[in-house]
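Fold and contact review
Here are the chains, one letter per residue:
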Amino acid sequence: MGSDAKILLVDDHEDTLFALESALAPLGYDLGRATSGDEALKQVLRGQVGLLLLDVRMPGVSGLDVVRYLRRLEQTQHIPVVLLTGYGPDHELTSAAFGLGVADLLMKPVDPWALRTKVRYLYDAHRRHQALEREVRALRALRQPRADPADPADPADPADPEEPGARLPVQRDRRGQAPAQDRT
């Protein structure tokens, strides 16, 4: 995910989408919108979504259904999700939401200042996490052995003790002599 990843706002009511966009506009992030769970899934699966603000109760595919689906896919399981509900506190909903690993569950109408604070933190944390993952992949690629692991004729790098078949340096005694079985 690059720095151009958007925050996807999902709600079946246009006025709620407008209110969310107005609250988040001062942050300067790229905002996308969807009016159904199906549309949200399509956008997320196309990539470049760094945070999802998702209404819980929508016709057809609910917000919880969207989260369940996203958590099953490796490429989407770490996208932070903030669920929004206008139905007040519901212990079953809260338990289900946090059981699925959502970042937060907010009641509508949402306080714009609190929303901006949460979004800034979650979006930036996700971007940092993605950058670290890219760096780890790059470092692992650099660490790959020079020999072709599929070719048994190529020996492993003897300098890498973690490589299978790698040779460790010969242990020497105090006089600098190798043990008798290692001398040639």
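Residues numbered from 1 in each chain as written. Predicted model: local features only at pLDDT ≥ 70, side-chain atom pairs only at ≥ 80, totals over all residues. Heavy atoms only, no water.

A closer look at the UniProt feature "modified residue: 4-aspartylphosphate" (unreviewed entry) in the protein chain
Sites flagged by UniProt as "modified residue: 4-aspartylphosphate" (unreviewed entry) map to Asp55. Here Asp55 shows up in strand E3 (residues 49-55). Residue classification places Asp55 among the buried positions, given a relative accessible area of 4%. Setting aside chain neighbours within four positions, we find Asp55 in contact with Val10, Asp11, Asp12, Gly63, Leu84, Thr85 and Lys108. (UniProt positions renumbered as here; feature names shortened; annotations may be inferred. Helix = DSSP H or I, 4+ residues; strand = E, 2+ residues; numbered from the N terminus. Buried < 20%, exposed > 50% of the residue type's maximum accessible area, 1.4 Å probe, protein only. Contact = heavy atoms within 4.5 Å.)

Some points on the pattern of salt bridges
With the rule as written, the count across this model stands at six salt bridges. Taking the shortest distance from any N to any O, the salt bridge between Lys108 and Asp55 comes out at 3.1 Å. Remark: Asp55 occurs in strand E3 and Lys108 occurs in the loop between strand E5 (104-107) and helix H5 (112-143); sequence separation between them is 53 residues. Overall, the relative accessible area of 24% leaves Lys108 in the partly exposed class. Beyond isolated ion pairs, a larger network of salt bridges with shared partners links Asp11, Asp55 and Lys108. (Salt bridge = Lys/Arg side-chain N within 4 Å of Asp/Glu carboxyl O.)

Concerning the pairing of strand E2 (residues 31-34)
Residues of E2 alternate between two faces, with Gly32 and Ala34 buried on one and Leu31 and Arg33 left unburied on the opposite face. Of the pairings in the sheet, the one linking strand E1 (residues 6-10) to E2 comprises four bridges and is parallel in character. Residue pairing in the sheet places Val10 in a bridge with Ala34 of E2. In this fold, the crossover linking E1 to E2 by way of helix H1 (residues 14-24) has right-handed handedness. (Pairing = 2+ DSSP bridges. Right-handed = clockwise from strand over helix to strand, strands pointing away.)

Comments concerning the layout of surface pockets
Empty space within the second largest pocket amounts to approximately 160 Å³. What lines the second largest pocket is simply Thr16, Ala19, Leu20, Ala23, Leu84, Lys108, Pro109, Val110, Pro112 and Leu115. For the lining of the second largest pocket, the element with the most residues is H1, which contributes four residues. (1 Å grid on protein atoms, 1.4 Å probe; cavity = no way out; pocket = protein on both sides within 12 Å on 5 of 7 lines; lining within 4 Å. Points joined across faces, edges and corners; volume = space filled by probe spheres on them.)

A short note on H5
Its 32 residues place the ends of H5 46 Å apart at the C-alpha level, agreeing with the 46 Å of an ideal helix rising 1.5 Å per residue. Among all positions of H5, only Leu115, Val119, Leu122, Tyr123, His126 and Gln130 are buried. The inward-facing, buried residues of H5 abut E1, H1, E3, strand E4 (81-85) and E5. (Expected span 1.5 Å × (residues − 1).)

What about the nonpolar core?
Leu8, Val10, Val44, Leu52, Leu54, Val81 and Leu83 are the most contacted members of the largest nonpolar core, which totals 22 residues. Per-element accounting of this core gives the leading share, four residues, to helix H3 (residues 63-72). (Core = buried A, V, L, I, M, F, W, Y, C linked by side-chain atoms within 4.5 Å.)

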